[in-house]
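# Remarks on the overall topology
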Amino acid sequence: MLAGRPYLKMNGLGNEFIILDLREEPAKLDEEAIRKAADPKTGPGCDQFITIENRKGHDGVFMGVYNADGSEVGACGNAARCVGWLLMEENGETKVDFETLGAPLHAMRIGDKRIAVDMGEPKFGWREIPLAEQMDDTRYVDVKLGPIDKPVLWGPAAVNVGNPHCVFFVEDAEAQALDRFGPMIEHHPLFPERVNVSVAQVLSKHAIRLRVWERGAGITKACGTAACAALVSAHRRRLTARKATVTLDGGDLAIEWREDDNHIIMTGPVTLEGEGRFSDDF
Ligand SMILES: N[C@H](CCC[C@H](N)C(=O)O)C(=O)O
């Protein structure tokens, strides 16, 4: 039951969130309620529904991530910055740890509304992504698409950064019909847990242009985990350095894949839009 409960509206580069703090008063969330809240026709509207919880089996604060289609997933980079910011506003610290289904996260305050999050280590093994069949070199994954007009895209990279990603490297990111082939790849049988789909145009050793079709949400203005996936995939192909600016529709993220501990650090802005209260029909 969400009726009457307060929530916050936040975004990370236009990736929209409803954030519900369940620590004082836990609630049972069902997919239907999340879909209703995420749809601007029936609720406040968001790309992901985010919870802050004390969840059994997890130490400290837990961040729950639910896509607009109601599916619970392991990671959300843009929301991790927003929740990190909220927790640091609360405790007055300049760093904070919290957990997700994907990995334990460490957030650091870089500026008033600029947060860095250590997203942990990327996983490249076919079972870790996961893929439905063995592929030993996941820098180039063989995704046979059904009858599409012309196979202009092939051999994407695949990686798990707390959630599964598939990154196509292209000459012109703007020219890709992501709205058409994004869902085809998202639901492709090679990805048993579905997948987030990106098109990445490498502009230089330190710059990538990225557009994203998100699993369970469709095209969004920005996807933090996709930016992490694109940087590590580009570096594995020797297309960029270990640090680059990733430019999404909603703006820039600074991504670094650290050599010493193999961790990915994502830095970017957070925006607090305001707060609201769920109406009585929730
Ligand atoms: N659609 C993603 C979850 C949200 C990721 C994105 N909003 C981010 O900032 O990383 C998935 O199904 O794994």
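Quantities reported herein were computed from a predicted structural model and do not represent experimental measurements.

### Topic: the overall build of the protein chain
When helices and strands are counted, the protein chain shows four helices and 17 strands. The C-alpha atoms of the protein chain give 18 Å as radius of gyration, which agrees with the globular expectation for 282 residues (19 Å, within 12%). For the protein chain, buried positions account for 55% of its 282 residues. Of the contacts formed within the protein chain by residues at least 6 apart in sequence, a portion of 61% connects residues at least 24 apart. For the protein chain, the accessible surface area stands at approximately 12300 Å², while carbon and sulfur atoms represent 50% of it. For the protein chain, the distance from the average position of its 33 positive side-chain charges to the average position of its 44 negative side-chain charges is 3 Å.

### Observations regarding the site of the ligand
The immediate surroundings of the ligand are formed by 15 residues, with Asn15, Asn67, Glu214, Arg215 and Thr225 found nearest. Asn67 places a polar side-chain atom, nitrogen or oxygen, 2.8 Å from an oxygen atom of the ligand. Asn196 is positioned such that a nitrogen or oxygen atom in its side chain is 3.0 Å from an oxygen atom of the ligand. Look at the ligand: alone it shows 360 Å² of surface, and the protein chains cover 100% of it. Among the elements of the structure, helix H2 (77-91) and helix H4 (224-236) are those that each provide at least two residues to the shell around the ligand. Each residue belonging to the shell around the ligand can be placed in one class, and the counts come to four nonpolar, nine polar and two charged.

### Comments concerning the packing of aromatic side chains
What the rule picks out here adds up to five aromatic pairs. Aromatic pair Tyr7 and Phe278: ring centres 4.7 Å apart, planes at 50°, arrangement tilted. Placement of the pair is Tyr7 in strand E1 (residues 6-12) and Phe278 in the segment after strand E17 (271-277), with a sequence separation of 271 residues. Both residues of the pair, Tyr7 and Phe278, count as buried.

### Some details on the side chain of Asn160
In this fold, Asn160 is placed in strand E9 (residues 157-160). A polar contact of 3.3 Å, which involves the side chain of Asn160, links it to the backbone nitrogen of Asn163. For Asn160, the residues in contact, after removing those within four places along its chain, are Glu121, Pro122, Lys123, Glu128 and Ile129.

### Some remarks on the confidence of the model for the protein chain
For the protein chain, mean pLDDT is 95; residues scoring 70 or higher make up 97% of the total. Across the protein chain, the element-wise mean pLDDT spans from 94 in helix H3 (residues 178-186) up to 99 in strand E15 (residues 251-257). The ipTM assigned to the predicted complex is 0.97, against a pTM of 0.97.

### Quick notes on the UniProt feature "binding site: substrate" (unreviewed entry) in the protein chain
Within the UniProt annotation, "binding site: substrate" (unreviewed entry) is assigned to Asn15, Gln48, Asn67, Gly77, Asn78, Asn163, Asn196, Glu214, Arg215, Gly224 and Thr225. For Asn196, the position within the fold is in strand E11 (residues 196-204). Other than its neighbours up to four places away in sequence, Asn196 contacts Asn163, Pro164, His165, Cys166, Trp213, Glu214 and Arg215. Setting aside its immediate chain neighbours within four residues, Gly224 contacts Gly77, Asn78, Leu253 and Met266.

Criteria and thresholds
Residues numbered from 1 in each chain as written. Predicted model: local features only at pLDDT ≥ 70, side-chain atom pairs only at ≥ 80, totals over all residues. Heavy atoms only, no water. Helix = DSSP H or I, 4+ residues; strand = E, 2+ residues; numbered from the N terminus. Rg over C-alpha atoms; globule rule 2.2 N^0.38 Å. Buried < 20%, exposed > 50% of the residue type's maximum accessible area, 1.4 Å probe, protein only. Contact = heavy atoms within 4.5 Å. Areas by Shrake-Rupley, 256 points an atom, 1.4 Å probe, with all protein chains shown as cover. Lys, Arg positive; Asp, Glu negative; His and termini not counted. Charge placed at Lys NZ, Arg CZ, Asp CG, Glu CD. Near = heavy atom within 4 Å. Polar contact = N/O pair within 3.5 Å; in protein donor to acceptor, adjacent residues only side chain to side chain. Nonpolar A, V, L, I, M, F, W, Y, C, P; charged D, E, K, R; others polar. Phe/Tyr/Trp six-rings, centres within 6.5 Å; stacked < 30°, edge-to-face > 60°. pLDDT = per-residue confidence, 0-100. UniProt positions renumbered as here; feature names shortened; annotations may be inferred.

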